[in-house]
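Letter by letter, the chains look like this.
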Amino acid sequence: PLGAGSNGKMAVPMSRESRGPEPGAAPYGNFPNYSRFHPPEGRVSLLPQGLLRSLFPAATRPLLGLDVGCNSGELSVALYQHLLGLQDSNSSPEPPGAGKELKLLCCDIDPELIRRAQQSSPFPASISFASLDIMDSGAREPFLSSYLERFGRSSFDIGFCMSVTMWIHLNHGDRGLLEFLALLASLCTFLLVEPQPWKCYRAAARRLRRLGRDDFEHFRSLQINGDMAESITRILTQECAMELVCSFGSTSWDRSLLLFKSTSAHPKGSD
């Protein structure tokens, strides 16, 4: 997932050697082996077959997706396969026409994880991986605009924010979380969010302390806390012009999958 220092500049991810064996010790969630701890199947198995077609029954052009905080891409690929019904094609070439249905842009703050994702992706024609600090507006705005302009679009049809909100929150505080959610709501017609529960915040802070590192700058001053799925739902629905469409249940590690839809009169994603 993505983050930046409190001065708004892009933070340099920790070297692989300095991250140590603790999976939660990466301060931006940029774990080197994340999918071993939370396998993609634990998420995609909760999503119904045919979800994309049910959300966009009249789509005549490629749908555009944005995956924020994609790590090394395993979940991004699994989502793409599931949404297009390609679960059995992990080792085979991309089926003809699949790219006409969905183009997925995946970004993460860690360039090394992005390199791994690019090297292992089975769908390079349809899934793009890029190193980007989503909280750095100077980098984000020209990059996303350039991508969207390639398709004559001004926003994405669907966004994915899978276990990213906590890292934005810990590194940027309450204001950063609000800005991040407002950004996603403005960029996407539909948004699938998997918020980390509050116990994960405490565990992440505990791991940093155990390694003798400074605590997260904002951890002790966060006013948005407690039931984070409820808080994020409230923010998106009351402040970001979205509505909760569906809760797809919880993963075995107790994280909800929540689907939101823009309620603005003319969602950007429908242009």
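Everything below is about the structure shown above.
Computed from a prediction, not measured in an experiment: that's the story for all the values here.

Turning to the nonpolar core, a few remarks are in order. Within the largest apolar cluster, 48 residues are counted, with the highest numbers of intra-cluster contacts made by Ile134, Phe156, Leu170, Phe180 and Leu236. Looking at this core element by element, the count peaks at 11 residues for helix α8 (residues 165-187). Residues from two domains meet in this core; each of domain 1 (55-86 + 98-162) and domain 2 (163-265) gives at least three. Of all hydrophobic cores here, the second largest spans 32 residues; its members include Leu47, Leu86, Leu104 and Phe160.

Strands sit in the order β3-β2-β1-β4-β5-β7-β6 across an open sheet of 7 strands; the sheet is mixed. The strands lining the two open edges of the sheet, one partner per strand, are β3 (127-131) and β6 (242-250). Adjacent strand axes in the sheet meet at a mean angle of 15 degrees when their direction is disregarded. The sheet contact formed by strand β1 (residues 63-68) and strand β4 (residues 156-162) spans 3 bridges and is parallel. For Gly65, the partnering residue across the bridge sits in β4 and is Ile158. Across the sheet, helix α5 (residues 74-84) lies against β1, β2 (102-108), β3 and β4, angled at about 165 degrees from β2, the strand it touches most. Together, β5 (188-194), β6 and β7 (256-262) form the strand contacts of helix α10 (residues 228-239), whose direction differs from that of β7 by roughly 5 degrees.

The terminal C-alpha atoms of helix α9 (residues 198-210), which comprises 13 residues, lie 19 Å apart, in line with the 18 Å expected from a rise of 1.5 Å per residue. Taken as a whole, α9 has its buried residues at Trp198, Cys200, Tyr201, Ala203, Ala204, Ala205 and Leu208. Contacts made by the buried residues of α9 are with α8 and α10. With its phi angle positive at about 75 degrees, Gly212 sits one or two positions after the end of α9.

Moving on, we come to the packing of aromatic side chains. Taken as a whole and judged by the stated rule, the model has 8 aromatic pairs. Aromatic pair Trp198 and Tyr201: ring centres 4.4 Å apart, planes at 25 degrees, arrangement stacked. Of this pair, Trp198 and Tyr201 both sit in helix α9, 3 residues apart, which is roughly one turn of the helix. Each residue in the set Phe31, Trp167 and Phe216 is aromatic and connected to the rest through ring pairs, giving one cluster.

In this section: the pairing of β4. With 7 of 7 residues buried, β4 lies mostly within the body of the structure. Across 6 bridges, β4 lies against β5 in parallel orientation. Of the residues in β5, the one forming a bridge with Phe160 is Leu192.

Moving on, we get to the pattern of salt bridges. In this structure the tally under the stated criterion is 9 salt bridges. One salt bridge in this structure joins Lys199 and Asp254, with 3.4 Å as the shortest N-O distance. Highlighted residues: Lys199 in helix α9 and Asp254 in the loop between β6 and β7, separated in sequence by 55 residues. We classify Asp254 as partly exposed; its relative accessible area is 42%.

So, how was this worked out
- Residues numbered from 1 in each chain as written.
- Predicted model: local features only at pLDDT ≥ 70, side-chain atom pairs only at ≥ 80, totals over all residues.
- Heavy atoms only, no water.
- Core = buried A, V, L, I, M, F, W, Y, C linked by side-chain atoms within 4.5 Å.
- Buried < 20%, exposed > 50% of the residue type's maximum accessible area, 1.4 Å probe, protein only.
- Helix = DSSP H or I, 4+ residues; strand = E, 2+ residues; numbered from the N terminus.
- Domains from an automatic or database assignment.
- Pairing = 2+ DSSP bridges.
- Axes fitted to C-alpha atoms, helices over the stretch in contact; angles between N-to-C directions.
- Contact = heavy atoms within 4.5 Å.
- Expected span 1.5 Å × (residues − 1).
- Phe/Tyr/Trp six-rings, centres within 6.5 Å; stacked < 30°, edge-to-face > 60°.
- Salt bridge = Lys/Arg side-chain N within 4 Å of Asp/Glu carboxyl O.

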